[in-house]
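# Chains, contacts and geometry: an overview
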Amino acid sequence: MKQNLSALLLFGAILLAIFAAFFRSSQDEPAEFVFVNSTEPQTLDPAKMTGQPEGRLAQALFEGLTTYHPKTLEPLPGVAKRWEVSPDGRTYTFHLRQDAYWVRGTERLSRVTAHDFVYSWQRLLNPETASNYGYILFYVKGTEDYKKAESKRYEAFVKKWAEEDSSITSIDSLPKDASKVDSFKQARAQFLEQRQRDFQKTVGLRALDDDRLQVVLRSPTPYFLDITCFYPLFPVNRKCLEEHGLFWTREDKIVTNGPFYLEKWIFNDRIRLRRSPNYWDRDNVGMETIDALAVEELTTALTLYVKKQADWVPQLPLSLIRGIQSQLEDDYHNHASLIVYFYRCNTTREPFKGERGKKVRQALSLAVNRKDLIDNVTKAYEQAAFSVVPPGIPGYSGVPAMAHPEASEAVKKARALLAEAGYPDGKGFPKVTLLYNTSDRHKQIAAAIQNFWKVNLNIHIELTNQEWGTYIDSVHAMNFDMARAGWIGDYTDPNTFLDMWITDGDQNETGWSSPIYDRFIEYAGDIPGTLSDPGRRAEFLKDLPDLKPFVVRYTDERKADERRRLGAHLRLKVLQRADEIVADELPVIPLFFYTTNQLWRPKLEGLYDNLRDTHSPKFFRWKSKAKGSPAGGSK
Amino acid sequence: MIEFIGRRLAWMVLTLFIICAGSFFLVRAAPGDPFGQEMKALNPAVKAQLEREYRLDKPKVTQFALWLRDIVIYGDFGRSMKYRDKSVNEIIGQSLPRSIALGSLALFFAVYLGLITGLIAGARQNTAWDYGAMSFAVLGISLPSFVLAVLLIWVFSFTLNVLPPAGWGSLKQVLLPSLALSLPYAAYISRLTRVGLIEVLSNDFIRTAEAKGLAEHVIIIKHALRGAILPVVSFLGPAAASIAVGSLVVEKIFFIPGLGQFFVKAALNRDYYLVMGTVIVYSTMLCGFNLVVDIAYVLLDPRVNFDSE
């Protein structure tokens, strides 16, 4: 009997011993500020990241030339303390501050110079970086050509060497075969030399000296300073990257220049940031330590907030929004964001093809009661969308409230349009399948839309879902009738929602094409260029005769500042016309604009609702804490 | 015995090889692209470079050979395609110990809760004790773990306010998730023990023991236990493996940075190398625990020996 019992107890003891051996109690001091960062960051390399969770960390660890104002999103001085713009709006000269430093933890390394920006921006374009955001630099003169040519050259170089030695997968790798190392290195040096020459010849980017960075743009881009706030354009430290290669972002290796440094990175658990003692504006950094939790489960995030273990939750379980709002009234924030939710129509297929297809698309759009959808299905106070550009972009009024009659009117009109298209009362309407990526929310929305069309138009569409990877492939291959999609604005300007619909645009994916639309986008891309060339100006006026008074005022204006202002105004007018075309032709059926739903402590300062839902941890501080003396610059 | 183990190990290597080869080609055959981005299409040049970096440009058989070579020669499981700053070795190295810690405690709870309730239910067949214990067992088996986890959080964290609802680091934080993870297994073990005990108790040698006038607890522990837990032992192999590599649901709800969630996430992300890493870890554990169970079986059951395969 004893033997049996002790065997049982021994088994338990072994289990407990295993537990003791593997369990590492890690009870750090709680951070001053803890937020839910929604997921484990895919990378901490600003050139390679794409998501919002990564962006929040990038803004803490690095700093670009400019920084978003936490509330208005206006560009504030960052590493650049001031800048000048040439009269034609194409040349920017940034003056860098002399007290911006590279740091590794608490150790101060060297100054951040204009050369660091040239290196980092070129790196963003270089094919071996494989950055998804290379195109964000295409506003700079010559970058697109450089990237294209360089990709080709690079492709040829690596292919040639891969044939000689299979372990060569990138310009940074070395051949396994020791005898080939020297010749590879030599060829690589030659290749890089040529690259440098090409870069200097084609790209409008120069470090005039350590303190001055000159950027020449392809066309005057009024939102360029907005783009320099964006994390892909943050500088990285060349020495650190060259020394440590792919894995340079480890906590003991990473070199940063932002308001915080990386103190600890526990995979899939948390990232601990600590205020950088060498940061130029350290006195205005409000938090000593910040924890970013990789919590994915929305209800868990909410639990942590309720239990006071997190101070900011940027994403909430949508099914609980109403309850959260009533119980945590002071903490709850709802705000419009630059994200649109829509359904793509494949205009290369029936019934969306041609003129008839346009009528079908219009009918489908009119038959959706968006208010009903938002009140009863999505329930997070989204805003109804009739065009693809979200409201709230400064200076842009959007598509006027045209053609959105009352619900019953809309349905009547929709039926008439459908009949005109040849499907009276839905008769003869072909089989149409709506594709969405697998998710309960998309499913509920699709079911509601399916029902609107059934009830209002007497047509039945099939629903089908594919899991994300497959769905992406189907959409890229245009293998769908209708497909759900969303689009997040890259910068606060209508252009980011409009230039994608040009003929054969990479993200168009509807097959839709309109020459006049393409021209509008082209005009808006370069108002001064278009209007200074007599031929293009005539074309412009032919396309947009009612803008003539503005054009005349613009051309007659002699003062550069006023002229630039008029140009910017004109540009938005043209974009609005493009917006109207999309809203009328409906290659996509816009449904709603997302809102952000967040919780943060009422006594937190420096965190504001804003259109881009971008929040730099630099500005966070507790209300009770006394402010440090402003260190100048961040006006 | 040595020969037995040797033979089994050889089989294990072969099994692992087949599992790896199967998963390697299956995961690559699934539609979708590991570099597909949220809302934007990927530039072809970027895609080409990424594919080269991860050797996706090579024929699949070559990819497999290279992958196998890297593991066998360099112990290198490759780089994660989603977490671009991390190697698979690092991810497993950081996550697996947490899953093992959580799993060992969960297994501890599962075994003891299951054995005790099962023995009570079996010894008091068809009484209120039996029905009570078995109702719990049925609940434990049929309630999905996310419901269990939420119930536990609601009771211990919100109503009683004694344990934290989520996180990893302190002993207090380990209790709820290991309990949530253990309950379904405990329920299963409980039922196995009960059935095993009832069967053993109907044997002649038990009647003899009773006739000798031995006390009930002596009969159960000394004479019946061994036989009663044999089915439990064979269940423990696979149970230990799946409990030790963690659980997607429990890890997500309790915000535990373990390996379990990557079984699903890595596959959904088409993170080929991470998928393969988790497959290897899981199948090795499964095979290993099964071997341990077989050895234990021989030691426990006098009717089985190492040659009777």
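Before reading further, recall that the structure is shown in the block above.
The shown structure was predicted, so the numbers you read here are calculated from the model rather than taken from an experiment. Numbers given to residues run from 1 along each chain, matching the order in which its sequence is written. Each chain is given a letter, starting from A, and each ligand a number, starting from 1, according to the order in which they appear as written. Reporting of local features is limited, given that this is a predicted model, to residues whose pLDDT is at least 70; pairs of side-chain atoms are given and counted only at 80 or more, and all residues count toward the totals for whole chains, interfaces and linings. Side-chain figures throughout are based on the complete set of non-hydrogen atoms in the structure, without hydrogens or water.

## Describing the overall build of chain B
Numbering goes from the N terminus for both helices and strands, where a helix is a DSSP run of H or I of at least four residues and a strand is a run of E of at least two. Scanning chain B from terminus to terminus reveals 13 helices and 0 strands. The linear arrangement of helices and strands in chain B, starting from the amino end, is α-α-α-α-α-α-α-α-α-α-α-α-α. Counting over 309 residues, chain B shows a buried share of 53%. By the convention used here, residues are in contact when the closest approach between their heavy atoms is within 4.5 Å. For chain B, long-range pairs separated by at least 24 residues make up 73% of all intrachain contacts whose partners lie at least 6 apart in sequence. For every accessible area listed, the method is Shrake-Rupley and the probe measures 1.4 Å; residues are considered covered only by the protein chains on display. Counting only carbon and sulfur atoms, one obtains 69% of the accessible surface of chain B, whose full area is about 13,600 Å². Computed over 27 positive and 21 negative side-chain charges, the inter-centroid distance for chain B is 5 Å. Whether a residue is buried, partly exposed or exposed follows from its accessible area with a 1.4 Å probe, protein chains only, as a fraction of its type maximum: under 20%, in between, or over 50%, in that order. Here Asp and Glu are counted as negative and Lys and Arg as positive; His is not counted, and neither are the chain ends. Charge placement uses NZ in Lys and CZ in Arg. For Asp and Glu, CG and CD serve respectively.

## Re the overall build of chain A
Looking only at helices and strands, chain A has 20 helices and 21 strands in total. Considered along the principal axes of its C-alpha atoms, chain A spans approximately 80 × 80 × 65 Å. Counting over 635 residues, chain A shows a buried share of 56%. Within chain A, residue pairs in contact and separated by at least 24 positions form 68% of the contacts whose partners lie at least 6 positions apart. Within the structure as shown, chain A displays about 26,600 Å² of accessible surface, and the carbon and sulfur contribution to it stands at 51%. Across chain A, the 85 positively charged side chains and the 84 negatively charged ones have centroids separated by 1 Å.

## Re the environment of Leu316(A)
Residue and element names in this part refer to chain A. Mapped onto the elements of the fold, Leu316 is located in the loop between β13 (312-313) and α9 (321-327). Spatially, the C-alpha atom of Leu316 lies 22 Å from that of Gln59, the residues being 257 residues apart in sequence. Ignoring any residue separated from it by four or fewer positions in sequence, one finds Leu316 in contact with Leu298, Leu302, Ile321, Ile324, Tyr332, Asn597, Gln598 and Leu599.

## A look at unusual backbone geometry
With an omega of 5°, the peptide bond between Glu350(A) and Pro351(A) qualifies as cis. Here Arg270(B), not a glycine, exhibits a phi torsion of approximately 55°, which is positive. Accessibility expressed as a relative area gives 6% for Arg270(B), which makes it buried.

## Description of a nonpolar patch on the surface
A cluster of nonpolar side chains, contributed by Val306(A), Leu151(B), Trp154(B) and Phe158(B), occupies part of the molecular surface with about 390 Å² of accessible area. Counting residues per element, the nonpolar patch draws most heavily on helix α6 (residues 145-159) of chain B, at 3 residues. By the element assignment, Trp154(B) lies in helix α6. Residue Trp154(B) is classed as exposed on the basis of its relative accessible area of 54%. The patches described consist of residues with a relative accessible area above 30% and no salt bridge, like charges being joined within 9 Å and nonpolar side chains (Val, Leu, Ile, Met, Phe, Trp, Tyr) within 5 Å. Each salt bridge in this description consists of a side-chain nitrogen of Lys or Arg and a carboxyl oxygen of Asp or Glu lying within 4 Å of one another.

## Here's the deal with the environment of Asp473(A)
Tracing the chain through its elements places Asp473(A) in helix α14 (residues 468-476). Separated by 107 residues in the primary sequence, Asp473(A) and Leu366(A) place their C-alpha atoms 29 Å from one another.

## So, the interface of chain B and chain A
Facing 72 residues of chain B, the contacting portion of chain A comprises 76 residues. Taken together, the two surfaces of chain B and chain A that pack against each other cover about 6,500 Å², and 60% of this comes from carbon and sulfur. Residues Arg52(B) and Glu155(A) are paired through a salt bridge, measuring 3.3 Å at the closest nitrogen-oxygen approach. What qualifies as a polar contact is a pair of N or O atoms within 3.5 Å, subject to a donor-acceptor requirement within protein and to the restriction that residues adjacent in sequence count only when both atoms come from side chains. Across the chain B-chain A interface, the total number found is 20 residue pairs in polar contact (both at pLDDT 80 or more). Elements with a minimum of two residues in the side of chain B that touches chain A: α2 (44-53), α3 (60-74), α4 (88-123), α6, α7 (171-201), α9 (216-228), α11 (248-253) and α12 (260-268) of chain B. Under the convention adopted here, Pro, Cys and the residues Ala, Val, Leu, Ile, Met, Phe, Trp and Tyr are nonpolar, Asp, Glu, Lys and Arg are charged, and Gly plus all remaining residues are polar. Among the residues making up the side of chain B that touches chain A, the classes are represented as 37 nonpolar, 16 polar and 19 charged. Using a 1.4 Å probe, buried area is obtained as the accessible area two parts lose upon being combined, added over both of them.

## As for the pairing of strand β12 (residues 289-293) of chain A
Residue and element names in this part refer to chain A. For β12, the tally of buried residues reaches 5 of 5 residues, placing the bulk of the element in the interior. Judged by which residues are buried, β12 turns out to be covered on both faces: Thr289, Asp291 and Leu293 on one side and Ile290 and Ala292 on the other are all buried. Where strand β1 (residues 33-36) lies against β12, 4 bridges are found, and the strand directions are parallel. Bridged to Val36 within β12 is Leu293. As defined by bridge partners, strand β11 (residues 270-275) adjoins β12 across 5 bridges and the pair is classed as antiparallel. By the bridge assignment, Arg274 is partnered in β12 with Thr289. DSSP bridges decide pairing: two strands pair if at least two such bridges lie between them.

## Concerning the pairing of strand β19 (residues 588-600) of chain A
All names here are of chain A. Summarising burial for β19: 13 of the 13 residues are buried, a large majority. The sheet contact formed by strand β14 (residues 332-345) and β19 spans 10 bridges and is antiparallel. Its bridge partner lying in β19, Tyr332 is registered against Leu599. As defined by bridge partners, strand β15 (residues 383-384) adjoins β19 across 2 bridges and the pair is classed as antiparallel. Opposite Gln383, over in β19, you have Phe593 as the bridge partner.

## Thoughts on the nonpolar core
To form a nonpolar core, buried Ala, Val, Leu, Ile, Met, Phe, Trp, Tyr and Cys residues must be joined to one another through side-chain atoms within 4.5 Å. Counting residues in each nonpolar core, the largest one holds 119 residues, and the members touching the most others are Phe94(A), Trp121(A), Leu213(A), Val215(A), Leu498(A) and Phe540(A). Sort the elements by how many residues they give to this core and helix α20 (residues 560-585) of chain A lands first, with 8 residues. Leave out the neighbours within four places in its chain, and Trp121(A) touches Leu65(A), Leu137(A), Leu205(A), Leu213(A), Val215(A), Phe224(A), Thr228(A) and Leu233(A). Among the nonpolar cores identified, the runner-up in size contains 47 residues, and Leu102(B), Ile153(B), Ile243(B) and Val250(B) belong to it.

## Quick word on α3(B)
Residues and elements named next belong to chain B. One fewer than the residue count of a helix, multiplied by 1.5 Å, yields its expected span. With 15 residues, α3 should cover 21 Å at 1.5 Å per step; its first-to-last C-alpha distance of 20 Å lies within 8% of that length. For α3, every residue scored as buried is listed here: Gln63, Phe64, Leu66, Trp67, Asp70 and Ile71. Down the axis of α3, the smallest arc covering the buried residues is 170°, so these residues share one side. Across α3 from its buried face, at more than 90 degrees, point the exposed residues Val61, Val72 and Ile73. On its buried face, α3 is in contact with α1 (2-29) and α13 (272-300). Picture the helix axis, draw a direction to every C-beta atom, and the arc is the one those directions span.

## Here we look at the pattern of salt bridges
Opposite charge on two side chains lets them pair, provided their charged atoms get close. Tallying each qualifying case throughout the model produces 51 salt bridges over all chains. Of the charged contacts in the structure, one is a salt bridge between Asp561(A) and Arg564(A), with a shortest N-O distance of 3.5 Å. Here the residue Asp561(A) and the residue Arg564(A) both occupy positions in helix α20, the gap between them amounting to 3 residues, near one helical turn. By relative accessible area, Asp561(A) is classed as exposed at 59%. Take Arg564(A): its relative accessible area is 35%, and that puts it in the partly exposed class. As a salt-bridge pair, Asp294(B) and Arg8(B) come within 2.4 Å of each other at their nearest N and O atoms. Taken together, the residues Asp294(B) in helix α13 and Arg8(B) in helix α1 connect sequence positions 286 residues apart. Taking relative accessible area as the criterion, Asp294(B) reaches 27% and is therefore assigned partly exposed. The buried category is assigned to Arg8(B), whose relative accessible area is 18%.

## Side note on the environment of Gln450(A)
All names here are of chain A. Among the secondary structure elements, Gln450 is positioned in helix α13 (residues 440-457). Once the C-alpha coordinates of Gln450 and Val368 are considered, the two residues, 82 residues apart in sequence, prove to be 9.3 Å apart. Ignoring sequence-local partners within four residues, the contact set of Gln450 consists of His460, Ile461 and Leu463.

## Some thoughts on the side chain of Ser387(A)
Residues and elements named next belong to chain A. Within the element layout of this structure, Ser387 appears in the loop between β15 and α12 (407-420). For Ser387, a relative accessible area of 7% gives the class buried. Within polar-contact distance, the side chain of Ser387 engages the backbone nitrogen of Val389 at 3.2 Å. At 3.0 Å, the side chain of Ser387 and the side chain of Asp579 are in polar contact.

## As for the state of the cysteines
Cysteine sulfur atoms are paired as a disulfide whenever they come within 2.5 Å of each other. One pass over the full model with this rule turns up 0 disulfides over all chains. Free cysteine Cys20(B): the closest other cysteine sulfur is in Cys287(B), separated by 9.8 Å.

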